[in-house]
Amino acid sequence: MVEIELDGKKVEVPPGSMVMHAAEKAGVYIPHFCYHKKLSIAANCRMCLVDVEKAPKPMPACATPVTMGMVVRTKSEKAIKAQKAVMEFLLINHPLDCPICDQGGECQLQDLAVGYGGTKSRYEEEKRVVFHKNVGPLISMEEMSRCIHCTRCVRFGQEIAGVMELGMSHRGEHSEIETFVGQTVDSELSGNMIDLCPVGALTSKPFRYAARTWELSRRKSISPHDSTGANLIVQVKGDRVLRVVPLENEAVNECWIADRDRFSYEALNSPDRLTQPMIKQGGEWRTVDWQAALEYVANGLKGVREQHGAGAIGLLASPHATVEELALAKALMAGLGSANIDYRLRAAAFDNAAPAGRARWLGLPIAELSTLDRAFVIGSNLRKDHPLFAQRIRQAARKGAQVNALVAAAPDWAMPLHRVLTAPAADWAAALARVAVAVAEARGVTPPAGVEGLAADDAARAIAQSLLGGERKAVLLGNAAAHHARAATLLALAQWIAQQTGARWGYLTEAANTVGAQLVGALPGAGGLDAAAMLGGALKAVLLLGVEPGEDTAVGGAALAGAEMVVTLSPFKTNLEISDVLLPIAPFTETSGSFVNAEGRLQSFQAVVKPLGETRPGWKVLRVLGNLLGLSGFEQTTSQEVLAQALPGVAHGAFVSAERLDNRASGGVDLTPAPGEPCVAAIYRLDALVRRVPALQATADGRAGRAVRAAAAAEGVCA
């Protein structure tokens, strides 16, 4: 450790640290703009100039390495004078438009100008003006005259998002931050640039002029989209969510969130919102009160059970539903005597479930993705399926990690890849088997049973050699591998390769609560029907918990129209053609609940606004339905009681016990080509919320996803 004296205090920091790091450790604030703990050091704003003893002039704290015995003064006359001089230069060209600036009230420049700015400007020449730019539907660059050229946005694109979409052109006071030749900013992490911008140059286009920061209440929540479980701060005015920003959690999402986490709040006020229960009578929809709707459903379920038996009733559940909703859905089906419940909506095969009460999971803590030396990703569009996981693996790659992939087409993951093995999805099992054969050759062991006669090729050998090197290694199966017709074979081979190379293995997992759905048993019981069979028309009564057949499923929902009763529980008016009853349940901002993310961490959240109209929390709807059916075990009065029964002893932020997380393969190896393509949702088609966000649908990814979905729907296949 290196010891320095900072404002009279002794501080010890590791060799190679900068004065800024020592100040952070000592709790001393040094004003700055361009410095950010997650980005490289640029030292171009000069606001952090400090007085270093024996140095001829003030030195930038962010770029001055510590040396043994160094004496630094951050509040001396020399330091303050330098900082004030820098502030004067920063304000020379900055427009005086704080009253109309969206950053007003949360602007670093505004705050520091109070402490370090002069009472009047000595600059009398004309200020520069930078022409506004249109860079897409998410980020507003309408007021780039405010830019102070800290380059945080540029460095974020290069270092975190992996794509240099913004850069600085020209020189001196003519410098501008802009895209290349009028292109748009299309990164799936682009919204983080808004948070990073210390002034009002980059602001949120959907939030623009919606409210002042001091008018907003701030409440914690958890993202309901992918399996990261990103921590959020939801900002509310009145009873409307107006903005979502990241809540820093180094172990989960660091200080970043994906764009779908940030902007999906737009769907909460969508015209598609269902605000009252509705029943279809004579082909016409009419609104009713909750009592009438629930009694109608209860009587319908009783009638189907009496006439056709409990096996004619089933429930399809979204893996984006909360632990509490899924636990009560499971209890409801069990109380009715039915084993027909499934969350695996996009799966092509159903022979790869973990043992009862256990769950497939990531196989390692999320934070360790950043420290890997070797990674082998199988069947994933990593960057779009899991933007924050991709960001962590990208950081590992920047430090020298070798990232390998088995995919259908050469991927654009915005990171250097060591070796890519491309093969049609139908042949992934055989391609992965060749990697196993290459590992066996290199280690001089017998390859796994079922791969006899296969020979390794150069790509397989390169991946095998990569995995045999390094210390921290992981074999990760993506959404396409999880939904693959040969999912069990892919897991068996991935497990064998991981065990032979000393790696850990697991699933990136698709949705916010994929792990939680398994833990509470939202799976068919003995003799129960899986999702494909239920969607195929095998039931007389179907409950759809947050599910939109065709969008959320590998199989379309047309066959459900033949059922005697279809009940949709959703925040939106959807499934109108196939449903008989629509019950408005609350989205994540209007209910309390819990998700279990990919690493097995349970995270609970509370409602941040009142339910819209007559909307009710999904767990309450299921509980009351259980009461009306006369079932036992539906006496809970709070979601916390439901959680305590579903996952006893697991507190917020804690991990589910290791005994309940199980990635061990149970099947053999089947190398015959798989029928059909695995069903994987595009980044902005993943769930009902993101599909209804105008800003996200207007992005390049949103437009591409809609086009692919439309083409697939016309052919009657999954997209």
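Please read these numbers as outputs of a predicted model, since none were measured by experiment.

J.: Even after reading the chapter, I still don't get the layout of surface pockets, so can you show me in this structure?
T.: Where empty space is left becomes clear once a probe the size of a water molecule has been rolled over the atoms. Here the second largest pocket defines a volume of roughly 730 Å³. As for the second largest pocket, its lining consists of 28 residues, and the residues nearest its centre are Ile194, Asp195, Leu196, Val245 and Pro246. At the level of elements, helix 5 (192–196), strand 10 (203–204), strand 12 (231–237), strand 13 (240–246) and helix 6 (259–263) are the ones that each hand at least two residues to the lining of the second largest pocket. No other element matches the 4 residues that strand 13 contributes to the lining of the second largest pocket. A breakdown of the residues in the lining of the second largest pocket according to their chemical character gives 14 nonpolar, 6 polar and 8 charged.

J.: Explain the sheet that holds strand 24 (residues 565–570) here, please?
T.: Hydrogen bonding along the main chain pairs the strands of a sheet, whether they run parallel or antiparallel. The sheet built from 7 strands is open, its strands ordered 15-14-25-24-23-16-17 with mixed pairing. Two strands close off the open sheet at either side, each with one partner strand: strand 15 (284–287) and strand 17 (341–342). Taken together, the 4 bridges between strand 14 (residues 278–281) and strand 15 define a ladder with antiparallel strand orientation. Paired with Ile279 across the bridge in strand 15 is Arg286. The strands that helix 7 (residues 290–308) touches are strand 14, strand 16 (313–317), strand 23 (541–545), strand 24 and strand 25 (581–584); relative to strand 25, the one it contacts most, it runs at about 130°. Across the sheet, helix 8 (residues 323–336) touches strand 16, strand 17 and strand 23, and the angle it forms with strand 16 is around 170°.

J.: Help me understand the domain arrangement of the protein chain, please; the structure alone is not making it clear to me.
T.: Accessible area lost upon the coming together of the parts serves often as the stated size of an interface. Taken domain by domain, the protein chain consists of domain 1 (2–92), domain 2 (278–348 + 520–585 + 613–652) and domain 3 (366–508 + 662–688). For domain 1 and domain 3, the distance between their C-alpha centroids amounts to 45 Å.

J.: Where do I start with the packing of aromatic side chains in this structure?
T.: Centre-to-centre distance and the angle between the planes together describe a pair of aromatic rings. All chains considered together, the criterion is met by 2 aromatic pairs. On the basis of an interplanar angle of 35° and a centroid distance of 5.2 Å, the ring pair of Phe595 and Phe605 is categorised as tilted. Here Phe595, found in strand 26 (residues 593–596), pairs with Phe605, found in strand 27 (residues 602–605); they are 10 residues apart in sequence, far enough to count as distant. Judged by relative accessible area, which is 3%, Phe605 ranks as buried. The ring of Phe572 carries the charged tip of Arg692 above its face, separated from the ring centre by 4.3 Å.

J.: Help me out: how do you make sense of the UniProt feature "domain: 4Fe-4S Mo/W bis-MGD-type" (unreviewed entry) in the protein chain in this one?
T.: Feature annotation in UniProt assigns "domain: 4Fe-4S Mo/W bis-MGD-type" (unreviewed entry) to the following positions: residues 216–272. The span residues 216–272 is 9% helix and 35% strand, and its two end C-alpha atoms sit 25 Å from each other.

J.: Any chance you could explain the sheet that holds strand 7 (residues 139–141) here in plain terms?
T.: Judged by pairing direction, the sheet is antiparallel, and its 3 strands sit side by side in the order 6-7-10 without closing on themselves. Every other strand in the sheet has two partners, leaving strand 6 (133–134) and strand 10 as the edge strands with one partner each. Bridging between strand 7 and strand 10 involves 2 bridges; their strand directions are antiparallel. Residue pairing in the sheet places Ser140 in a bridge with Thr203 of strand 10.

J.: I would appreciate a short explanation of the pattern of salt bridges in the present structure.
T.: Side-chain pairs of opposite charge can arise whenever the charged atoms involved come near each other. With the rule as written, the count across this model stands at 39 salt bridges. We note a salt bridge from Asp195 to Arg262, for which the minimum N-O separation is 2.7 Å. With Asp195 in helix 5 and Arg262 in helix 6, this residue pair connects regions lying 67 residues apart in the sequence. The exposure class of Arg262 is buried, given its relative accessible area of 4%. Residue Glu368 is joined to Arg504 by a salt bridge in which the shortest nitrogen-to-oxygen separation is 2.5 Å. Here Glu368 is found in the loop between strand 17 and strand 18 (374–378), whereas its partner Arg504 is found in strand 22 (residues 504–507), with 136 residues between them in sequence. Look at Glu368 and you get partly exposed, because its relative accessible area is 28%. Look at the salt bridges and you will find they share partners, linking Asp272, Arg346, Glu510, Glu548, Glu551, Asp552, Arg685, Arg691, Arg692 and Arg709 into a network.

Reading the values: rules and limits
Residues numbered from 1 in each chain as written. Predicted model: local features only at pLDDT ≥ 70, side-chain atom pairs only at ≥ 80, totals over all residues. Heavy atoms only, no water. 1 Å grid on protein atoms, 1.4 Å probe; cavity = no way out; pocket = protein on both sides within 12 Å on 5 of 7 lines; lining within 4 Å. Points joined across faces, edges and corners; volume = space filled by probe spheres on them. Helix = DSSP H or I, 4+ residues; strand = E, 2+ residues; numbered from the N terminus. Nonpolar A, V, L, I, M, F, W, Y, C, P; charged D, E, K, R; others polar. Pairing = 2+ DSSP bridges. Contact = heavy atoms within 4.5 Å. Axes fitted to C-alpha atoms, helices over the stretch in contact; angles between N-to-C directions. Domains from an automatic or database assignment. Phe/Tyr/Trp six-rings, centres within 6.5 Å; stacked < 30°, edge-to-face > 60°. Buried < 20%, exposed > 50% of the residue type's maximum accessible area, 1.4 Å probe, protein only. Lys NZ or Arg CZ within 6 Å of the ring centre and 35° of its normal. UniProt positions renumbered as here; feature names shortened; annotations may be inferred. Salt bridge = Lys/Arg side-chain N within 4 Å of Asp/Glu carboxyl O.

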